[in-house]
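Chain by chain, the residues run as shown.
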Amino acid sequence: IGVNNRNLHTLVLDKDRTCSIAQELQRRGVAFGAGANVTKLLALSGLATAEDVAQCRAIRCSGILVGEALMRAADPGSAILNMMGTAPSAEPGSAFPSTASEVLVKVCGVRRVEDAACAIAAGANLIGVIFAASKRQASRDQAKEVISTVRRFGERQGRVLRPSGAGDSN
């Protein structure tokens, strides 16, 4: 269940929306969180601080999506470290665990190799590159450099599924 914390009609942000959904899932007896055979709960939009990430962890989110906070950050790499709780000023354990079996973290809108490397080193499982026209749009060459950097950290096990007709990803 992906919970968008931003009302897409009014653009009003409600950071408690994911928490409300988590409470409703608990009330209904729905098993959710990390692990196999449970419903996945993901917090989308409006996450910008280590406190936001820690709140998501506390309510057992399976993952988060961060985009705008990185777009607005003067130094996206530092913003990633701060959100993941791995910056020197962050308290230990204040962000998601970084093992793939516990939580899935995607950092979206990455254009620079140093930001991709920083995100992966901080524990992100996925890196998103945006090709649509936006402030975070990456060129094909930037995407290739980001992919090359991420792959230096090692390939993940398992199959990668691509939609039919997706063509060559090189």
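Bear in mind the structure is a predicted one, so any value in this text is a computation, not a measurement. (Residues numbered from 1 in each chain as written. Predicted model: local features only at pLDDT ≥ 70, side-chain atom pairs only at ≥ 80, totals over all residues. Heavy atoms only, no water.)

**Student:** Whenever I open this one, the environment of leucine 44 confuses me. Can you help?
**Tutor:** Mapped onto the elements of the fold, leucine 44 is located in strand 2 (residues 42-44). Separated by 20 residues in sequence, leucine 44 and isoleucine 64 place their C-alpha atoms 5.9 Å apart. In contact with leucine 44, other than residues within four places in its own chain, are Gly2, Val3, Asn4, Asn5 and Leu65. (Helix = DSSP H or I, 4+ residues; strand = E, 2+ residues; numbered from the N terminus. Contact = heavy atoms within 4.5 Å.)

**Student:** How should the confidence of the model for the protein chain be read in this particular structure?
**Tutor:** Low pLDDT means the predicted coordinates in that region are not meant to be read closely. The pLDDT averaged across the protein chain works out to 77; a share of 78% of its residues lies at or above 70. Within the protein chain, the element-level pLDDT minimum falls on strand 4 (residues 104-107), averaging 73, and the maximum on helix 1 (residues 17-27), averaging 94. In this model, residues 87-101 is a region of pLDDT below 50 whose contacts with residues beyond four sequence positions or in other chains number 32 contacts. Low confidence marks residues 157-170, where pLDDT is under 50. Its contacts with residues over four positions away, or in another chain, come to three contacts. (pLDDT = per-residue confidence, 0-100.)

**Student:** Would you take a moment to explain the packing of helix 5 (residues 113-121) against helix 6 (residues 140-151) for this structure?
**Tutor:** The relative placement of two packed helices is expressed as an angle between their axes plus a distance between the axes. Running from amino to carboxyl end, helix 5 crosses helix 6 at an angle of 30 degrees, the nearest separation of the two axes being 9 Å. As summarised for this structure, helix 5 and helix 6 are arranged roughly parallel, according to the angle between their axes. For the pair helix 5 and helix 6, the crossing hand works out as right-handed. Judged by residue contacts, Val113, Ala116, Ala117 and Ile120 of helix 5 engage Glu145, Val146, Thr149 and Val150 from helix 6. Taken together, the residues of the contact of helix 5 with helix 6 sort by class into six nonpolar, one polar and one charged. (Axes fitted to C-alpha atoms, helices over the stretch in contact; angles between N-to-C directions. Parallel < 35°, antiparallel > 145°, perpendicular 65-115°, else oblique. Left-handed = near helix turned anticlockwise from the far one by under 90°. Nonpolar A, V, L, I, M, F, W, Y, C, P; charged D, E, K, R; others polar.)

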